[in-house]
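One letter stands for each residue in the lines below.
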Amino acid sequence: MATTLAAQIEHYLGELARRNSSPHTIRNYRSDLEAFVEYLTPPQSSAPPPQEVDLLTLREWMAHLFDQQFEPVSIRRKLAAVRSLFKHMLREGVIAKDPARLLRTPKAPKKLPRVPTTEQTNRLVDDVSNNRLDRPFPERDVLIFEFLYGCGLRISELASLNLDDIDRGERWLRIDGKGNKQRQVPYGAKAATALERYLVKRAPHSPSDRALLMNHRGSRLTVRGLRDIVKLYAQLLSGDSSMHPHTLRHAYATHLLAAGADLRAIQELLGHSQLSTTQKYTQVSLTDLMAVYDKAHPKAH
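A few points on the structure. (Residues numbered from 1 in each chain as written. Predicted model: local features only at pLDDT ≥ 70, side-chain atom pairs only at ≥ 80, totals over all residues. Heavy atoms only, no water.)

Bringing the pattern of salt bridges into the picture now. Counted under the stated rule, the structure contains 13 salt bridges. A salt bridge links E10 to R30, with the nearest nitrogen and oxygen atoms 2.6 Å apart. Taken as a pair, E10 in helix α1 (residues 5-18) and R30 in helix α2 (residues 23-40) lie far apart in primary sequence, 20 residues in all. You can call E10 partly exposed: its relative accessible area is 40%. Several salt bridges converge on common partners, so that one network encompasses E10, R30 and E34. (Salt bridge = Lys/Arg side-chain N within 4 Å of Asp/Glu carboxyl O. Helix = DSSP H or I, 4+ residues; strand = E, 2+ residues; numbered from the N terminus. Buried < 20%, exposed > 50% of the residue type's maximum accessible area, 1.4 Å probe, protein only.)

Rendered as structure tokens:
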């Protein structure tokens, strides 16, 4: 078996692909691991073999990341990639021990997701519905916002949605989420109306073309294309360049919770494997409540 770090990275990324890891994950791991090898490679030379990368070397690499002023969140992601690579090499017998397991993970600051209010979100979706930007595919764009906000989908889940994943009679979507976990998500009357209007306008394609959302070339709309569409509308209609598709997912969960929905039910709808991931929306709601209290209650000051 090849024993260079570069070869091991290719072998590991190939294993991730065989395990059906998302292309986004594989792309990020490749970028982080190639940068790791580049750091270890002296000028006019080659990187050390995996067996010679010890704990001190890894600590020096992490110190380099801090010197480069990477955010703790970015360092944690890069460290996760390197740890996974070393676990892989240990399983394959390339290294006798795993020095990466002894590295301390930097603490990431706890940031609550920024969530627009119900009024702000509905105003944006309504403005998209009114085709204020005179876009070429208004029915498709309306459906994008209705499914992102009305169903709390991840952008990758929406991009991969197929026609046969939709039960139009019962108003259910079959979603293939993270880790190949499948779930069902209901959609409401407004999304149903948007879907029917879009399907009428959707150009006919070959029977093998199953994608729901199409781009101007008649092929599946990509994650990048979806992100650009959401950003365009948010910036031009709301003046908010920071909004992205995940913002609408946050809004979906937070507004459900504020309206009295059960946290476990929201967990199922979002496809979170851990309840603790869903509980961050409780913190958002409490923060909003405190802001209302501070502003309105006579004893708050």
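According to the stated counting rule, one finds five aromatic pairs in the structure shown. Between Y12 and Y29 the ring centres are 6.3 Å apart and the planes differ by 35°, which places this aromatic pair in the tilted class. Residue Y12 is found in helix α1, and its partner Y29 is found in helix α2; the two are separated by 17 residues along the sequence. The exposure classification of Y12 matches that of Y29, with both residues buried. Between F145 and Y233 the ring centres are 5.5 Å apart and the planes differ by 80°, which places this aromatic pair in the edge-to-face class. A residue pair is termed long-range when its members are at least 10 positions apart, and F145 in helix α6 (residues 138-151) and Y233 in helix α9 (residues 223-238) qualify at 88 residues. With a relative accessible area of 0%, F145 lands in the buried category. The class of Y233 is buried, set by a relative accessible area of 1%. An aromatic cluster is built from F36, W61 and F86, whose rings are joined through pairwise contacts. (Phe/Tyr/Trp six-rings, centres within 6.5 Å; stacked < 30°, edge-to-face > 60°.)

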